[in-house]
Amino acid sequence: MTPARLPVAPRPFVDELLSSWMTRVAARYGAEPLELMVYMAGQGGREAGARQVDDVAPDMGLLGLWATACRVDPERLRRSSLASRNPHRPQAWFLTETVPVCLDCFDADVAAGRDAYLRGHWRLAECVACPAHRTMLEDRCPACRGHLRLSLRMFNGLLRPFCRKCDAVLTGGGGEAEDPLKAGFAAGVLELQRHINGIVRGGSGRLDRLEHAVRTLWAPLDRDGAARPVLALWYDEPGWNCPFEARAAVGRSAPLQQLPVRWRALTLVILHDLFGADLVPGALLPEAALVLFQRAAPLPWRTDGRDLRNGKGKRGIDVGAERVHRLSKRPVHRLNGNFLDERGDFGRIHP
């Protein structure tokens, strides 16, 4: 049977996610990508329509169907995958949930007279700010404040992003006065983001230390059944509870994959406050980092219950309780942990 060929198909942008390009192709025909995939699979494969193309490491058989239908070189599509663009990046450092977006990038697309599209680097786990516009990425709709699920639809001759929940067009505000606090926070976090990105791309020992530090910050506290992560000790409020939107990351081997933008940004800030540019949790620790790490619950990669620095048994919970209490009251920088009714107040990076 002759493979399906679409009469019109936009070309992928250089930095575009595969799923974004497929959404733009499907939107030209008033369809969802899965619907178009089922149509093409009926022409070139029996079970392909039941699967989606993975942005990270796509199945070349599925890519072949899209390449044939859209008259695109399949090798060009393969090079658009995140694994091809980031060959040495571990899978744990790609986001698996909602892709956060830069609303100013969408406005720039409209100003340039092109379709809106999703950038590939938005799916990097350490990416929380846009380097082009120096603003924080968004994973909530600015209109309804619900978790962002966007769709691309034709509007004035271009594909524009809309919120699936409230149907509002996603825009950065079109020239509204910039909040200096937000801009300052985004600029500071952007520097931390670049530093972490360099470690992830560099690999080897520094990446292992970075991953250990992130896992420990999001490990449950040493009290059995604790739902709070270790970084709960970074807050002044006694009995601080981990917000629901961040609980999925507690105790996970790759917590950044599960966290929304602001919690990932907070993680970068705390890593910088604890370690600076060193990130050496297995060697000599700053006092603040030492106390936090001593309160981590036993983790899958630390099941022997022994201290990694000197080989001695793990210290009791009450031994450092007074020092932990002093640490929690120190006048160090903190962001509000719950982000309730304070979503716009980012504060300063440093005190």
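Reading the values: rules and limits
- Residues numbered from 1 in each chain as written.
- Predicted model: local features only at pLDDT ≥ 70, side-chain atom pairs only at ≥ 80, totals over all residues.
- Heavy atoms only, no water.
- Axes fitted to C-alpha atoms, helices over the stretch in contact; angles between N-to-C directions.
- Helix = DSSP H or I, 4+ residues; strand = E, 2+ residues; numbered from the N terminus.
- Parallel < 35°, antiparallel > 145°, perpendicular 65-115°, else oblique.
- Left-handed = near helix turned anticlockwise from the far one by under 90°.
- Contact = heavy atoms within 4.5 Å.
- Buried < 20%, exposed > 50% of the residue type's maximum accessible area, 1.4 Å probe, protein only.
- Nonpolar A, V, L, I, M, F, W, Y, C, P; charged D, E, K, R; others polar.
- pLDDT = per-residue confidence, 0-100.
- Core = buried A, V, L, I, M, F, W, Y, C linked by side-chain atoms within 4.5 Å.

Quick notes on the packing of helix α1 (residues 18-27) against helix α3 (residues 60-70)
Any two packed helices are characterised by the angle at which their axes cross and by the distance between the axes.
Now for step 1: Close contact between α1 and α3 brings their axes to 13 Å; oriented N to C, the two are set at 40°. The pairing of α1 with α3 is recorded here as oblique in orientation. Judged by the sense of rotation from one axis to the other, the crossing of α1 with α3 is left-handed. Contacts between α1 and α3 involve Leu18, Trp21, Met22 and Val25 from the first element and Leu63, Trp66 and Cys70 from the second.

A closer look at unusual backbone geometry
Now for step 1: Of note, arginine 71 is a non-glycine position whose phi angle comes to about 55°, a positive value.
Now for step 2: One can find arginine 71 in the loop between α3 and α4 (74-79).
Now for step 3: In this structure arginine 71 comes out as partly exposed when scored by relative accessible area, which is 48%.
Now for step 4: The phi torsion at aspartate 167 lies on the positive side, around 70°, for a residue other than glycine.
Now for step 5: When you line up the elements, aspartate 167 lands in the loop between β4 (158-163) and α7 (180-202).
Now for step 6: Aspartate 167 gets classed as partly exposed once you look at its relative accessible area, which sits at 44%.

Quick look at the packing of helix α8 (residues 204-217) against helix α10 (residues 261-275)
Now for step 1: In the contact formed by α8 and α10, the axes pass within 11 Å of each other and the chain directions differ by 110°. One element, α8, and the other, α10, form an angle in the roughly perpendicular class. Our pair here, α8 against α10, has a crossing hand that is right-handed. Two secondary-structure elements touch here, α8 through Leu210, Ala213, Val214 and Leu217 and α10 through Thr267, Ile270, Leu271, Leu274 and Phe275.
Now for step 2: Grouping the constituent residues of the contact of α8 with α10 by class yields eight nonpolar, one polar and no charged.

Concerning the confidence of the model for the protein
Now for step 1: Model confidence for the protein is summarised by a mean pLDDT of 78, while 77% of its residues fall at 70 or above.
Now for step 2: Across the protein, strand β1 (residues 129-130) holds the top mean pLDDT of 95, while helix α12 (residues 321-328) sits lowest at 39.
Now for step 3: Between residues 300-351, whose pLDDT stays under 50, and residues either more than four places distant or in other chains, the model counts 90 contacts.

Let's talk about the nonpolar core
Now for step 1: Membership of the largest hydrophobic core comes to 76 residues, with the highest contact counts inside it found for Trp122, Leu210, Trp218, Leu271, Leu274 and Phe275.
Now for step 2: Mapped by element, the contributors of at least two residues to this core are α6 (103-111), β1, β3 (150-155), α7, α8, α10 and α11 (287-294).
Now for step 3: When residues in this core are grouped by element, the largest group, 10 residues, is from α10.
Now for step 4: Leucine 210 has contacts with Trp93, Ile196, Ile199, Val200, Leu271 and Leu279, leaving out every residue within four places of it along the chain.
Now for step 5: Met37, Met40, Leu63 and Cys70 belong to the second-largest nonpolar core, a separate cluster that totals 22 residues.

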